[in-house]
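# A structural walkthrough
Read off the chains here:
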Amino acid sequence: MHSATEPSFRESVDLMFKRATALMDLSPGLEEKIRICNSTYTVRFGVRLRGDIQTFTGYRSVHSEHMEPVKGGIRYALSVNQDEVEALAALMTYKCALVETPFGGSKGGLCIDPRAWDEHELEQITRRFAYELIKRDLINPAQNVPAPDMGTGEREMAWIADQYARMNTTDINAKACVTGKPPHAGGIQGRVEATGRGVQYALREFFRHKEDKAKAGLSGDLDAKRVIIQGLGNVGYHAAKFLSEEDGCKVVAVIERDGALLDDKGLDVEAIFQWIKAHGTIKAFPHAIYTENGAAVLEHDCDILIPAALEGVINLGNAARIRAPLIVEAANGPITFGADEILRQKGIVIIPDMFANAGGVTVSYFEWVKNLSHIRFGRMQRRAEEARHHVLVEELEKLSADKGLGWTLSPGFKDKYLKGAGELELVRSGLDDTMRGAYQAMRDVWHGRNDVTDLRVAAYIVSIGRVATTYRSKGL
Ligand code: GLU
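Basis of the calculations
Residues numbered from 1 in each chain as written. Predicted model: local features only at pLDDT ≥ 70, side-chain atom pairs only at ≥ 80, totals over all residues. Heavy atoms only, no water. Near = heavy atom within 4 Å. Polar contact = N/O pair within 3.5 Å; in protein donor to acceptor, adjacent residues only side chain to side chain. Areas by Shrake-Rupley, 256 points an atom, 1.4 Å probe, with all protein chains shown as cover. Helix = DSSP H or I, 4+ residues; strand = E, 2+ residues; numbered from the N terminus. Phe/Tyr/Trp six-rings, centres within 6.5 Å; stacked < 30°, edge-to-face > 60°. Lys NZ or Arg CZ within 6 Å of the ring centre and 35° of its normal. Expected span 1.5 Å × (residues − 1). Buried < 20%, exposed > 50% of the residue type's maximum accessible area, 1.4 Å probe, protein only.

### What about the site of the ligand?
Of all residues adjacent to the ligand, which total 14 residues, the nearest are Lys71, Lys95, Pro148, Asp149 and Ser364. In this structure, proline 148 approaches the ligand through a main-chain N or O atom, which is 2.9 Å from a nitrogen atom. Take aspartate 149: an N or O atom from its side chain is 2.8 Å from a nitrogen atom of the ligand. When the ligand sits alone it has 290 Å² of accessible area, and the protein chains cover 94% of it. If you list the elements that add at least two residues to the shell around the ligand, you get helix 3 (82–98) and helix 13 (359–373).

### Brief notes about the packing of aromatic side chains
Throughout the structure, instances matching the rule amount to 14 aromatic pairs. Ring centres 6.0 Å apart and planes at 40 degrees place the aromatic pair tyrosine 365 and phenylalanine 366 in the tilted group. Through successive ring pairs, a cluster of aromatic residues spans Phe45, Phe56, Trp117 and Phe129. Above the ring of phenylalanine 242, the side-chain terminus of arginine 197 is found at 3.5 Å from the ring centroid. Just above the ring of tryptophan 446 sits the side chain of lysine 215; from NZ or CZ to the centre is 5.2 Å.

### Considering helix 17 (residues 455–473)
An α-helical turn contains 3.6 residues, so a residue and the one three or four places further along point in the same direction. If you check helix 17, its first and last C-alpha atoms are 27 Å apart, about what 19 residues at 1.5 Å a residue would give, namely 27 Å. Burial within helix 17 is extensive, with 14 of its 19 residues counted as buried. After helix 17 finishes, the residue glycine 475 shows a positive phi value of roughly 90 degrees.

What follows is the structure, given as structure tokens:
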């Protein structure tokens, strides 16, 4: 996606970092220490498949160990390379610091087209890759905890967890070696939807602030806002679904690898998702206009543009033509450094990746804590909470009857109020609180300093500041 004149993804992240540190008071040595990637392990391993030995190349990059374990997903894609893995690992460091998950930053990748292999083959490949990482402590509950990313999901995480358990039979915390596992294999409710849910909470929080909306020339709430979403993978699908079904947004375009679907009246995201599942393509979806040139749709008129697929999709080649007043980076690094500058000059407000897509790692944190505490959230409190609520409602009803007040509770109130929070509700509440807190921290810098004019620099300033504080307290 990057043109030859643009820096690489990793350089782009470095340049964004430096734009922030230029406004900070860090010693050059500390700045360098925070910026550089600590290590990247490359492994080439063979798996006997289809009658021959197939060789695969994988990476696990550790950007910063100022806190351990380090955290970050494992991506399966043919485009995976060292530069990309290092850029993504750096973003994990800043993301974790911004949303206060107590982790350093890491990322992994395997150069593979997951669709070219069947399930049994993928399991063998994943277990072998995991084996290589586990024996070097690059997967370990206390040191390095992977999670899903592009091309991986619950299934791969369950294989990794099982592989770790087989190799560490006496580790009582084995399940915490990876997050994003299915609930039946030690996962947590709400992890699959988490990144998309986080995008929704991020937007809701942005829309709570009149001055912030005004900077993007927007007003009112999310209802009827026109949204274009690029990528209907796990993140894009959940974000688009929640925004359209719960906040009244109109998803006017969905861009996928094989074109785009358009409808000014708003698309049915769930129907498109099911169509892709059944047919493997968005083509021929009956309830929308189809266009082959998906990339051009990024430039269409809308209120909110949500790139939720690959890095570098908004670059020097198209930035000048982007018309959305507000861009939410649901993907990691969808806007190149050069494009970022052009968009800022145009007055476009960007909600940066390290905040917008931090829902995934936030709920990963909850899952890791759940695994270490060996108990599901809400198990001890839920019924106690219900019992207390009962006491209150009964008292109100008794008062009303005794005094002849004739009070009646609204229909549905009892059901809603009496129910104690289960794991999913607690996860969503923790995520919402995290997103609001992180936005507030960014916003304070954005509005509080004259030399800060955009949310990305504000986000970097907050997170780099926190990493620096951790280093300093270690005596560095
Ligand atoms: N891969 C996701 C990300 O880029 C999730 C990472 C995690 O949960 O550790 O943030």
